[in-house]
Amino acid sequence: MEKPKTEKQRPVYGMASNCAFMVRRAWRDCKGVLSVGLGIVLCGVAASLLELFVVPSILTALERGVGPGELVWLIAWFTLGMVGVRALRGYLDENAIFGRIRVRSSLCLDLHLTFCRTSFPHIEDPDYVKQIKKASKCLDSNDDAGEAVWQTMTELLTNLISFAVYLLLLSQVGPWVALLCMVLSAASYFAGEHIRAWRYRRREEEAALLHKLDYVIFRSRDMKLAKDIRIFGIGPWLTELYEKYARLFQDFYAKSMRYYMWADLLDVGLALLRNGAAYGLLIAMALRGELGAAEFVLYFTAVSGFTQWVTGIFAGLGQLHRQSLELSVLREVADTPEPFRFDGGKPLSVKQNHLYELELRDVSFRYPGAESDTLSHVNLTIRPGEKLAVVGKNGAGKTTLIKLLCGLYDPTEGQVLLDGEDIRQYDRRDYYKHFSAVFQQFSVMAGTIAENVAQAVGDKVDLPRMWDCLDKAGVADKIRELPQGENTHLGREVYLDGVDLSGGQMQRLMLARALYKNAPVVVLDEPTAALDPIAESDLYQRYSELTGECTSVYISHRLASTRFCDRVLLIENGGIAEEGTHEELLKQGGRYAYLFNIQSKYYKEGAMEDE
Ligand code: ADP
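So, a few notes on the structure that sits alongside this text. (Residues numbered from 1 in each chain as written. Predicted model: local features only at pLDDT ≥ 70, side-chain atom pairs only at ≥ 80, totals over all residues. Heavy atoms only, no water.)

## Some remarks on the overall build of the protein
From N to C terminus, the protein includes 22 helices and 10 strands. What you see for the protein is a C-alpha radius of gyration of 35 Å, clearly larger than the 25 Å of a compact globule of 611 residues, by over 25%. Each principal axis of the C-alpha distribution contributes one length, and for the protein these read about 120 × 55 × 50 Å. With 611 residues in all, the protein has 46% of them scored as buried. In the protein, once contacts between residues fewer than 6 apart in sequence are set aside, the share between residues at least 24 apart is 75%. Counting every atom, the protein has about 32,400 Å² of accessible surface; 59% of that belongs to carbon and sulfur. One finds the centroid of the 69 positive side-chain charges in the protein at a distance of 3 Å from the centroid of its 77 negative side-chain charges. (Helix = DSSP H or I, 4+ residues; strand = E, 2+ residues; numbered from the N terminus. Rg over C-alpha atoms; globule rule 2.2 N^0.38 Å. Buried < 20%, exposed > 50% of the residue type's maximum accessible area, 1.4 Å probe, protein only. Contact = heavy atoms within 4.5 Å. Areas by Shrake-Rupley, 256 points an atom, 1.4 Å probe, with all protein chains shown as cover. Lys, Arg positive; Asp, Glu negative; His and termini not counted. Charge placed at Lys NZ, Arg CZ, Asp CG, Glu CD.)

## Here's the deal with the side chain of Asp222
Within the secondary structure, Asp222 is located in the loop between helix H9 (203-221) and helix H10 (223-231). You can call Asp222 buried: its relative accessible area is 12%. A polar contact is formed between the side chain of Asp222 and the side chain of Arg219, at a distance of 2.8 Å. (Polar contact = N/O pair within 3.5 Å; in protein donor to acceptor, adjacent residues only side chain to side chain.)

## Regarding the sheet that holds strand S5 (residues 421-422)
Strand order in the open sheet made by the four strands is S2-S1-S4-S5, with antiparallel pairing throughout. In this open sheet, the two strands that pair with only one neighbour each are strand S2 (375-382) and S5. Here strand S1 (residues 358-365) runs beside S2; their pairing, made up of five bridges, is antiparallel. Its bridge partner being in S2, Leu360 is matched across the sheet by Leu380. (Pairing = 2+ DSSP bridges.)

## Some details on helix H13 (residues 398-406)
Burial within H13 is extensive, with eight of its nine residues counted as buried. Those residues of H13 that sit buried are Lys398, Thr400, Leu401, Ile402, Lys403, Leu404, Leu405 and Cys406.

## Looking at the environment of Ser544
Tracing the backbone shows Ser544 in helix H20 (residues 543-547). By relative accessible area, which is 42% here, Ser544 ends up partly exposed. Residues Ser544 and Lys387 lie 157 residues apart in sequence; the distance between their C-alpha atoms is 8.4 Å.

## Section: the site of the ligand
Inspection of the region around the ligand gives Glu124, Tyr367, Thr374, Lys393, Asn394, Gly395, Ala396, Gly397, Lys398, Thr399, Thr400 and Tyr409 as its neighbouring residues. Here an oxygen atom of the ligand sits 2.9 Å away from a polar atom, N or O, in the main chain of Lys398. In isolation the ligand has 560 Å² of accessible area, and contact with the protein removes 59% of it. Among the residues forming the shell around the ligand, the class breakdown is three nonpolar, six polar and three charged. (Near = heavy atom within 4 Å. Nonpolar A, V, L, I, M, F, W, Y, C, P; charged D, E, K, R; others polar.)

## So, the pattern of salt bridges
Counted by the stated rule, this structure contains 26 salt bridges. One salt bridge connects Asp214 with Lys133, and the closest N-O pair in it is separated by 3.7 Å. Note that Asp214 is positioned in helix H9 and Lys133 in helix H6 (residues 126-137), a separation of 81 residues in sequence. A salt bridge links Glu204 to Lys134; the shortest N-O distance between them is 3.7 Å. A residue pair is termed long-range when its members are at least 10 positions apart, and Glu204 in helix H9 and Lys134 in helix H6 qualify at 70 residues. The exposure class assigned to Glu204 is buried, which follows from its relative accessible area of 16%. Residue class for Lys134 comes out buried when judged on its relative accessible area of 17%. Taken together, the shared-partner salt bridges in this structure form one network comprising Arg25, Arg28, Asp29 and Asp110. (Salt bridge = Lys/Arg side-chain N within 4 Å of Asp/Glu carboxyl O.)

## Here's the deal with the packing of helix H3 (residues 32-64) against helix H12 (residues 293-335)
One way to put it is that H3 packs onto H12 with a least axis distance of 8 Å and a crossing angle of 170°. What the angle tells us is that H3 and H12 run roughly antiparallel. Contacts between H3 and H12 involve Ser48, Leu52, Phe53, Val55, Pro56, Leu59, Thr60 and Glu63 on the former and, on the latter, Ala293, Ala294, Val297, Leu298, Thr301, Ala302 and Trp309. (Axes fitted to C-alpha atoms, helices over the stretch in contact; angles between N-to-C directions. Parallel < 35°, antiparallel > 145°, perpendicular 65-115°, else oblique.)

## Quick notes on the environment of Val72
As for its placement among the helices and strands, Val72 is situated in helix H4 (residues 68-117). For Val72, a relative accessible area of 54% corresponds to the exposed category. Distance in space between the C-alpha atoms of Val72 and Ile58 is 9.7 Å, their sequence separation being 14 residues.

## Focus on the packing of aromatic side chains
For any two aromatic rings, the description comes down to two numbers: the centre-to-centre distance and the angle of the planes. The tally for this structure, following the rule as stated, stands at 15 aromatic pairs. Residues Tyr367 and Tyr409 carry aromatic rings whose centres are separated by 5.5 Å and whose planes lie at 90° to one another, so their mutual orientation is edge-to-face. Note that Tyr367 is positioned in the loop between S1 and S2 and Tyr409 in the loop between H13 and strand S4 (413-418), a separation of 42 residues in sequence. Judged by centre distance (5.6 Å) and plane angle (55°), the ring pair of Tyr554 and Phe564 falls under tilted. Of this pair, Tyr554 sits in strand S8 (residues 551-555) while Phe564 sits in the loop between S8 and strand S9 (567-572), and the two are 10 residues apart along the sequence. (Phe/Tyr/Trp six-rings, centres within 6.5 Å; stacked < 30°, edge-to-face > 60°.)

## Here's the deal with the nonpolar core
In terms of nonpolar packing, the biggest core is built from 49 residues, with Met22, Val103, Trp150, Tyr299, Phe306 and Leu330 touching the most fellow members. Mapped by element, the contributors of at least two residues to this core are helix H2 (15-29), H3, H4, H6, helix H7 (145-170), helix H8 (175-201), helix H11 (235-287) and H12. Apart from residues lying up to four places away in sequence, Phe306 is in contact with Phe163, Tyr166, Leu167, Leu170, Ala178, Cys181 and Met182. Within the second largest apolar cluster, 47 residues are counted, among which are Val453, Leu482, Val568 and Phe596. (Core = buried A, V, L, I, M, F, W, Y, C linked by side-chain atoms within 4.5 Å.)

## Side note on the sheet that holds strand S7 (residues 521-525)
Strand pairing in a sheet takes place through backbone hydrogen bonds and is either antiparallel or parallel in direction. Strand order across the open sheet formed by six strands is S6-S7-S8-S3-S9-S10, with mixed pairing between neighbours. Either end of the sheet is taken by a strand with one partner, and the two such strands are strand S6 (435-438) and strand S10 (575-580). Pairwise comparison of adjacent strand axes, ignoring direction, gives a mean angle of 20° for this sheet. As defined by bridge partners, S9 adjoins S10 across five bridges and the pair is classed as antiparallel. Looking at S10, one finds that Leu570 is bridged to Glu578.

## Describing the packing of H9 against H11
Where H9 meets H11, the axes come as close as 9 Å, and the angle between the chain directions of the two elements is 150°. In terms of their interaxial angle, H9 and H11 are classed as roughly antiparallel. Crossing angle aside, the handedness with which H9 passes H11 is left-handed. Seen from H9, the contacting residues are Glu205, Glu206, Leu209, Leu210, Lys212, Leu213, Val216, Ile217 and Ser220; seen from H11, they are Leu238, Leu241, Tyr242, Tyr245, Ala246, Leu248, Phe249 and Phe252. Across the contact of H9 with H11, the residue classes break down as 13 nonpolar, one polar and three charged. (Left-handed = near helix turned anticlockwise from the far one by under 90°.)

## Notes on a nonpolar patch on the surface
Together, Leu38, Leu42, Leu157, Leu160, Ile161 and Val165 make up a nonpolar patch on the protein surface, roughly 490 Å² of accessible area in all. For the nonpolar patch, the secondary-structure elements that each account for two or more residues are H3 and H7. Counting residues per element, the nonpolar patch draws most heavily on H7, at four residues. Position of Val165 among the secondary structure elements: in helix H7. Overall, the relative accessible area of 31% leaves Val165 in the partly exposed class. (Patch = residues over 30% accessible without salt bridge, like charges linked within 9 Å, V, L, I, M, F, W, Y side chains within 5 Å.)

Following this line, the structure appears as structure tokens:
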């Protein structure tokens, strides 16, 4: 079902709220941003006043018939003032960037942490991922809203203060000059903004295009795809996709720029009208003798300055409005309600020497947007310390079942229980502490082997424990052979001296990581898929030693490997089709026995051929 558009497009936070938010962030992360900003504003106002008064002051002095010495002093003071203020402003402008970058970096960190900590289903929700991308776009560079907003705010404040001073001055001539300038500037701003809003109204379309473009760029640089790109010749396909989305984005961008151009043209036209009328009025007053030379120059300069401040205010407001929309997205992402409980959930600590019971009670699960349930009304109790094997065809729902047990998804219907208690009440991060897992995809970081196994850095790594786990996982000898041993970096994406381990070695490393965590429940999703048959058989034989007393769930594609488990579940048609020990299921002569016979026949035939 499509989400209601109007509600989605209205920004949650307004301009004032977003400015206050940024000021609060600066107060917390780098107070210098505020003092430097204030300095820039004061310099801006001082410079404009000096420029306004320099010529009228000289003219007044001349009219008063002052001597050349006094005149030189007057000019020297103004010049010194203007140079001093400009120099200070330049210095502050140059240095403002450091503090502003600190505030932006802190916002970037928060956004990344939000993504790392959010409920797992969000990671697979394209709408959420799109929002995150849009939010991070506002922090990408110095020119994006998360940093550029400071410049907008300082300029706006300079314009506002200068406007007030000029308004006071122009009110001496009569209210209509100021009124004329204000009305025409306001008309220019609102008409222009209406035109410029075209892009904002289509921001979903823009984000969708950028998302596709980013995906193609990311995939083409993805190391995992590098082999396939070469062997399957995926290059032209990726190029075609890139060109298609780049073209679509360029068209979109060009269209939005055309709207911006029309808005700018309107600005220029109305500015001509505005200044022309005001200057005309001043000239008429001067001709009628109502203004002296110095006054005429003062008001003439004030009119052009005044329109500049008014236009600056509206342009600044327009800019602030756009930046505020982006900042609102950033804050909205942080506010997105979490389907899981974290800090607000009941704390749950891992009990030492305690074996946990896990239960799926009448659990159904349907992926968002799917037409049917992947799992339907599943009832399963995993007894404390039980070694459970889960088998079934590809796509039967084995991984989904494991993700439900681990609390990565919540059931669409039913409950997951830990020692009889619904896990939804707990702080989900506390719940995750109960699990060690080896998932099918290797998730290593470009760090050292020790850091990857221990998921910790430096002296936080318990080296004897790490070597024990590497030994148990059967990869310690390989690591010892490496010149840097456990300090060898993995992969070459970041470290040039990094090593690439084979699929099997990597799988053993992942197993070592799971053992190192030493959690009470061990979950292994096809942990031998990349191992050779001897290594695989060795792992099966040592399975009990590896998992110890822990409750364990083991997904296997090799049915014979389930012999060492207390119970085997066959998942089919969204439910548990058969369950029992390996021998019981063979005796039953059902689907499990049928699948086992096919597999063992294949292996026997394969073995005979080998002989
Ligand atoms: P198995 O582990 O038994 O191979 P899975 O649990 O991975 O099966 O998948 C079960 C079904 O759910 C499959 O039809 C698969 O296409 C679908 N599925 C898996 N993950 C997702 C997902 N993130 N979104 C939508 N459907 C999914």
